[in-house]
Amino acid sequence: MTEQYLIPNQTLTIEEDIKHSRFITVLFHCSSEVELKCVLTNTKVTYPGANHYCYAFVASDPQNSITIGSSDDGEPAGSAGRPMLATLQGSNIGEIGAIVVRYFGGTKLGVGGLVRAYSSGVKSGLTELTTVTKYIRYASSLQCSYPQLNNVEYLINQFDGIIINKNFTDMIEIEFEIAKAFHDDFNRELATQTQGQLKAKFNV
């Protein structure tokens, strides 16, 4: 399983004129098809009256071939969405979406020309796009005393963890998620801070 992968850290727009047609490429973070559709709706508002709004997305890790999709939006089949998707999949970036807006300029490009045109902005954008590393987090838990709570919460945050739930009884049971890459270092630091009293359980 993929433990970590790059994701977009910005929304990037590239504009190109190709044989009198205007192509506007938008690259953005996209973790679901619903998110893609929301950005598509906003893009149609920003760039009204275009002839085509083609898109492609990879909504999970770069190797995931299930949470993907594309649309030619009226262009010849396979001339827009599919080459855009292939370009995204070749970038080794996950959770990424691309929308290409086309204002037709009167000159037909042919299928080969369309493939190059729709891929062009995506390729250019990928060279400029800034990314961050996403780590897959796993369910984890630990018990601590009330005086230890603030330090434990701070430590979880320092290791990019997310607290899911806290149960308060005579002790506090904390359910959280943290990346596998940090498990050993987290428990080492936890032991240092609590004089060896605490140790987290990781469900991997």
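Details of the structure are given in the entry above.
This write-up is about the structure you can find in this document. Everything quoted here is computed from the prediction, not taken from an experiment.

Examining the nonpolar core
Next up, step 1: Core analysis: the biggest nonpolar cluster contains 21 residues, and M84, L88, Y118 and V122 have the highest contact counts within it.
Next up, step 2: Counting residues per element, the ones that place at least two in this core are β3 (21-29), β4 (52-58), α2 (81-89), β6 (96-103) and α3 (110-128).
Next up, step 3: Here this core gets five residues from one element, more than from any other, and that element is α3.
Next up, step 4: If near-sequence neighbours (up to four positions away) are discounted, V122 is found in contact with T25, L27, M84, T87, L88, A98 and V100.

Describing the pairing of β3
Next up, step 1: Taking burial as the measure, the nine residues of β3 include seven buried ones, the bulk of the element.
Next up, step 2: Where strand β2 (residues 12-18) lies against β3, seven bridges are found, and the strand directions are antiparallel. Following the sheet pairing, I14 is matched in β3 by T25.
Next up, step 3: Linking β2 back to β3 in an antiparallel pair, the connection comprises two residues, with K19 at a positive phi of about 50 degrees.

A look at unusual backbone geometry
One can expect most non-glycine residues to show negative phi and most peptide bonds to be in trans.
Next up, step 1: Here the phi dihedral of H20 falls at roughly 75 degrees; this positive angle occurs in a residue that is not glycine.
Next up, step 2: You can see H20 is positioned in the loop between β2 and β3.
Next up, step 3: Taking the relative accessible area as the measure of exposure, H20 reaches 66% and is therefore exposed.
Next up, step 4: Here Q195, not a glycine, exhibits a phi torsion of approximately 50 degrees, which is positive.
Next up, step 5: One can find Q195 in the loop between α5 (183-193) and β11 (201-202).
Next up, step 6: A relative accessible area of 66% means that Q195 is categorised as exposed.

Let's talk about the state of the cysteines
Next up, step 1: Counted according to the given criterion, the structure contains zero disulfides.
Next up, step 2: With no disulfide of its own, C54 lies 16 Å from the sulfur of C30, the closest cysteine sulfur.
Next up, step 3: For C54, a relative accessible area of 0% gives the class buried.

Concerning α3
Next up, step 1: With 19 residues, α3 ought to run about 27 Å at 1.5 Å a step, and its terminal C-alpha atoms sit 28 Å apart, in line with that.
Next up, step 2: The complete set of buried residues in α3 reads G113, L114, A117, Y118, S119, G121, V122, G125 and L126.
Next up, step 3: Of the surrounding secondary structure, the elements contacted by the buried residues of α3 are β2, β3, β4, α2 and β6.

Looking at the packing of aromatic side chains
Next up, step 1: In the structure shown here, the tally under the stated rule is eight aromatic pairs.
Next up, step 2: Taken together, the aromatic side chains of Y135, F159, F176, F182, F186 and F202 make up a single cluster linked through ring pairs.

Concerning the sheet that holds β2
Next up, step 1: In spatial order, the strands read β2-β3-β6-β4-β5; together these five strands make up an open sheet with antiparallel pairing. Each edge of the open sheet is held by one strand with a lone partner, namely β2 and β5 (68-71). Going across the sheet, the axis of each strand differs from the next one's by a mean of 15 degrees, ignoring polarity.
Next up, step 2: Relative to β4, helix α1 (residues 33-46) is tilted by about 155 degrees, and along the sheet it contacts β3, β4 and β6.
Next up, step 3: Of the strands in this sheet, β2, β3, β4 and β6 are in contact with α3, which crosses β2 at around 145 degrees.

Concerning the sheet that holds β11
Next up, step 1: Strand order in this open sheet of four strands is β9-β10-β8-β11, and the pairing throughout is antiparallel. The open sheet is flanked by β9 (162-168) and β11, the only strands paired with a single partner.
Next up, step 2: Lying on the sheet, helix α4 (residues 149-158) is in contact with β8 (137-144), β9 and β10 (172-179); it crosses β9 at an angle near 160 degrees.
Next up, step 3: The sheet contacts of α5 involve β8, β10 and β11, and relative to β10 the element is tilted by about 145 degrees.

Description of the side chain of S21
Next up, step 1: Tracing the backbone through its elements, the reader meets S21 in strand β3.
Next up, step 2: Classification of S21 as buried rests on a relative accessible area of 0%.
Next up, step 3: A polar contact of 3.2 Å, which involves the side chain of S21, links it to the side chain of R102.
Next up, step 4: At a separation of 2.9 Å, a polar atom in the side chain of S21 contacts the main-chain amide nitrogen of G105.

Rules used throughout
The numbering scheme is per chain: residues are counted from 1 as the chain's sequence reads. Note on the predicted model: pLDDT of at least 70 is required for a residue's local features to be given, and 80 or more for side-chain atom pairs to be given and counted; whole-chain, interface and lining totals, by contrast, use all residues. Hydrogens and water are ignored here; the side-chain numbers use all heavy atoms of the structure. In this description, a nonpolar core means a group of buried Ala, Val, Leu, Ile, Met, Phe, Trp, Tyr and Cys residues linked to one another through side-chain atoms lying within 4.5 Å. Remark: exposure states derive from per-residue accessible area (1.4 Å probe, protein chains only) relative to the maximum for the residue type, with buried under 20%, exposed over 50%, and partly exposed in between. Only DSSP runs of H or I reaching four residues or more are called helices, and only runs of E reaching two or more are called strands; each is numbered from the N terminus. Contact definition: two residues touch when any of their heavy atoms are within 4.5 Å. Two strands are said to pair when DSSP picks up at least two bridges between them. Disulfides are defined as cysteine sulfur pairs within 2.5 Å. Helix span, as expected, comes to 1.5 Å for every residue beyond the first. Any two of the Phe, Tyr and Trp rings considered here, Trp counted by its six-membered ring, make a pair once their centres fall within 6.5 Å; the pair's planes then place it as stacked at under 30 degrees, edge-to-face at over 60, or tilted in between. With axes taken as lines fitted to C-alpha atoms, and helix axes fitted only over the stretch in contact, angles between N-to-C directions fall between 0 and 180 degrees. Polar contact is the term for a pair of N or O atoms within 3.5 Å; when the atoms are in protein, one must be able to donate a hydrogen and the other to accept it, and sequence-neighboring residues count only if both atoms are side-chain atoms.

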